[in-house]
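The lines below spell out each chain.
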Amino acid sequence: KKLKEYQVARLTGKIKRLRKVSLSTVDRELSKARKLFNVAVDDAWLVRSPFTKAVSKKLIHDAVETPDPIKTRELTDEEAQRVMKALNTSERRHTLPIFIAAMDTGARKSSLLDYLRWKDINFADEIITLTAYKGKGNNVKPKRWSVQMTNRLKKELLQLQLQRKNKNDDALVFEHAKVNLRRLWRAAYAEAVVPKGTRFFYSVRHNFGTEMANKGMPLPALANLLGHSNVKMTKRYYNMNKETLDK
């Protein structure tokens, strides 16, 4: 009952100090709450979660049921070029290496910002080892895979290495580069005339995956490159345009 009241209050803006939001935002909030309750049950802090299957089905809408064409779109090559130009200013330049890393590896946000450390960078072989955490509750395990380092990404990483103050190899690669990232990227995306609502990292990752698929990369290889455990996830990037069909 309380969960339903919360949903209605968020949609109507009747909670003090919290603005009125969309249904998709409430769905994300309730999904996070469900995850927290599941962890509490797994760790025996609670006997049961209020998010039973029946409750979840009534309250939380499956993203597949109501896909948002803006939030699930890929960044076009032309938009990406405009974004890089918009990021190449004195205020935003420190975030450009992250954008290039996302463009050239197809990595998720967390893999780049939260887990990528200098020990994962192999300049000699031009290889980057990415990390993601898969699973639920106590079964979360790290998944690691390697991607090739492009010339432009290698140049950016070498420059970052020269600027390093923390020489510990366990230090995060983009520890300082991500300062004010969301605010600066929002401005850059707007300046580059990217449709409002386009997701920063998802759109770049989607661009990478589609580009590789259209260039003829085999499905299993692309799945490994994107860190997918199941090739079904990777099939989304095979749009079967004329170029792909010809190949």
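Everything discussed here concerns the structure shown above.
These figures come from a predicted structure and were not determined experimentally.

Quick notes on the rules
Residues numbered from 1 in each chain as written. Predicted model: local features only at pLDDT ≥ 70, side-chain atom pairs only at ≥ 80, totals over all residues. Heavy atoms only, no water. Helix = DSSP H or I, 4+ residues; strand = E, 2+ residues; numbered from the N terminus. Buried < 20%, exposed > 50% of the residue type's maximum accessible area, 1.4 Å probe, protein only. Areas by Shrake-Rupley, 256 points an atom, 1.4 Å probe, with all protein chains shown as cover. Lys, Arg positive; Asp, Glu negative; His and termini not counted. Charge placed at Lys NZ, Arg CZ, Asp CG, Glu CD. Salt bridge = Lys/Arg side-chain N within 4 Å of Asp/Glu carboxyl O. Contact = heavy atoms within 4.5 Å. Phe/Tyr/Trp six-rings, centres within 6.5 Å; stacked < 30°, edge-to-face > 60°. Polar contact = N/O pair within 3.5 Å; in protein donor to acceptor, adjacent residues only side chain to side chain. Pairing = 2+ DSSP bridges.

Within the protein chain, the secondary structure is distributed over 12 helices and three strands. Dimensions along the principal axes, computed over C-alpha positions, put the protein chain at roughly 55 × 50 × 40 Å. When the 247 residues of the protein chain are sorted by exposure, 37% land in the buried category. Looking at the protein chain as shown, the accessible area adds up to about 15300 Å², and 55% of this sits on carbon and sulfur atoms. Counting 51 positive and 26 negative side-chain charges, the protein chain places the centres of these two groups 7 Å from one another.

Tracing the backbone through its elements, the reader meets Asp27 in helix α2 (residues 23–42). Summary of buried charges: Asp27 has no salt-bridge partner, and the nearest side chain of opposite charge, Arg28, is 8.0 Å away. Apart from residues no more than four positions distant in its own chain, Asp27 is found in contact with Leu59, Ile60 and His61.

Turning next to the packing of aromatic side chains. Counted under the stated rule, the structure contains seven aromatic pairs. Measuring from centroid to centroid gives 5.1 Å for Trp185 and Phe201, while their planes differ by 25°, and the two rings are stacked. Of this pair, Trp185 sits in helix α8 (residues 181–191) while Phe201 sits in helix α9 (residues 200–214), and the two are 16 residues apart along the sequence. The residues Trp185 and Phe201 share a single accessibility class, namely buried.

Along the chain, Arg205 turns up in helix α9. Buried charge Arg205 goes without a salt bridge, the closest partner of opposite sign being Glu74 at 12 Å. Within the structure, the side chain of Arg205 is placed 2.6 Å from the backbone oxygen of Gly106, a separation counted as a polar contact. A polar contact of 3.2 Å, which involves the side chain of Arg205, links it to the side chain of His228. Excluding its chain neighbours within four sequence positions, the residues that come into contact with Arg205 are Gly106, Ala107, Arg108, Leu226, His228 and Tyr237.

This part takes up the environment of Asn168. Secondary-structure assignment places Asn168 in the loop between α7 (151–163) and α8. The sequence separation of Asn168 and Leu11 amounts to 157 residues, and the corresponding C-alpha distance is 47 Å.

Here the focus is the sheet that holds strand β3 (residues 141–148). Sheets are built from strands paired through backbone hydrogen bonds, the pairs being either parallel or antiparallel. Here three strands make up an open sheet; going across it, the order is β1-β2-β3 and the pairing antiparallel. Every interior strand has two partners, whereas the edge strands, β1 (121–122) and β3, have only one. With eight bridges joining them, strand β2 (residues 127–134) and β3 adopt antiparallel strand pairing. Bridge pairing links Ala132 to Lys143 in β3.

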